[in-house]
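# Fold and contact review
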Amino acid sequence: MLLDDSSTISEKFWIEIYYPEIKANVHITYKPIRSEKLLKEFLDDSYTLTAKHQIKASAINEVITTTPSGKTAVIAELEGEVPSQFQFTLTDSSKNFLRGALYFNTQVANDSLAPAIEYMKKDIMHMINTLEWKN
């Protein structure tokens, strides 16, 4: 289910993909790239947001990959009792930048959420690998 981003800092093109059955949200932020400098800022901001979880994370594993359609994705899997277990960026490096972060709306420990986290990782990876930009 798609929802408008309800945060106080929300911008145009920010949405949440809500999974009511498992009380999970994927916060999606999209930004158009208007210069190489902006792309660097977006990537730096994304890295900073992920790094904020280092306080509680036992590990942050990042992978840079290329999707079947040639987009660059940076995928971060966070381990430990962190509020966001999976984050990613996706870009064509010239016009489009997208960032996503998985959150569960529950107080349950992450080890109990493991099956739901794995399900969400697979679903998000499918989204990453099949996403197409509209003109």
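Residues numbered from 1 in each chain as written. Predicted model: local features only at pLDDT ≥ 70, side-chain atom pairs only at ≥ 80, totals over all residues. Heavy atoms only, no water.

## A look at the packing of aromatic side chains
Under the convention used in this document: Centres within 6.5 Å make a pair out of two Phe, Tyr or Trp rings, where for Trp the six-membered ring is used; the pair is then stacked when the planes are under 30 degrees apart, edge-to-face when over 60, and tilted otherwise. Where helices and strands are cited, they refer to DSSP runs of H or I of at least four residues and of E of at least two residues respectively, numbered from the N terminus. Three labels apply to residues, based on accessible area from a 1.4 Å probe with only protein chains included: buried if under 20% of the type maximum, exposed if over 50%, partly exposed otherwise in between.
A complete count under the given rule lists 2 aromatic pairs for this structure. Between Y30 and W133 the ring centres are 5.9 Å apart and the planes differ by 50°, which places this aromatic pair in the tilted class. Of the two residues, Y30 sits in strand β3 (residues 24-32) while W133 sits in the segment after α2 (114-130), which places them 103 residues apart along the sequence. On the basis of relative accessibility, which here comes to 18%, the residue Y30 falls in the buried class.

## Some thoughts on the layout of surface pockets
For clarity, the threshold we go by: The method works on a 1 Å grid over the protein atoms by themselves. A cavity is a set of points holding a 1.4 Å probe that cannot get out, a pocket is an open set with protein on both sides within 12 Å along at least five of seven lines, and residues with an atom within 4 Å of a point line them. Grid points are joined across faces, edges and corners, and a volume is the space filled by probe spheres set on the points. Note on residue classes: Ala, Val, Leu, Ile, Met, Phe, Trp, Tyr, Cys and Pro are nonpolar, Asp, Glu, Lys and Arg are charged, and everything else, Gly too, is polar.
Of the pockets and cavities examined, the second largest pocket occupies roughly 340 Å³. In terms of lining residues, the second largest pocket is bounded by F13, I15, I17, I28, Y30, N96, L98, M127, L131, E132, W133 and K134. In terms of residue class, the lining of the second largest pocket is made up of 9 nonpolar, 1 polar and 2 charged.

## Some details on the nonpolar core
Applicable threshold: Here, the term nonpolar core denotes a set of buried Ala, Val, Leu, Ile, Met, Phe, Trp, Tyr and Cys residues that are joined through side-chain atoms within 4.5 Å. We call two residues in contact whenever any of their non-hydrogen atoms come within 4.5 Å of each other.
Among the nonpolar cores identified, the biggest contains 21 residues, and V26, F88, L102, F104, M120, I124 and I128 are the most heavily contacted of them. With 5 residues, α2 is the single largest residue contributor to this core. Dropping the residues within four chain positions of it, V26 is found in contact with I15, E16, I17, Y19, F88, A101, L102, M120 and I124.

## Considering the side chain of S46
Along the chain, S46 turns up in helix α1 (residues 36-51). S46 gets classed as buried once you look at its relative accessible area, which sits at 7%.

## Quick look at unusual backbone geometry
One non-glycine residue, K23, lies in positive phi territory at about 55°. Structurally, the position occupied by K23 is in the loop between β2 (14-19) and β3. Here the phi dihedral of S93 falls at roughly 70°; this positive angle occurs in a residue that is not glycine. Summarising the element assignment, S93 is placed in the loop between β6 (86-91) and β7 (96-104).

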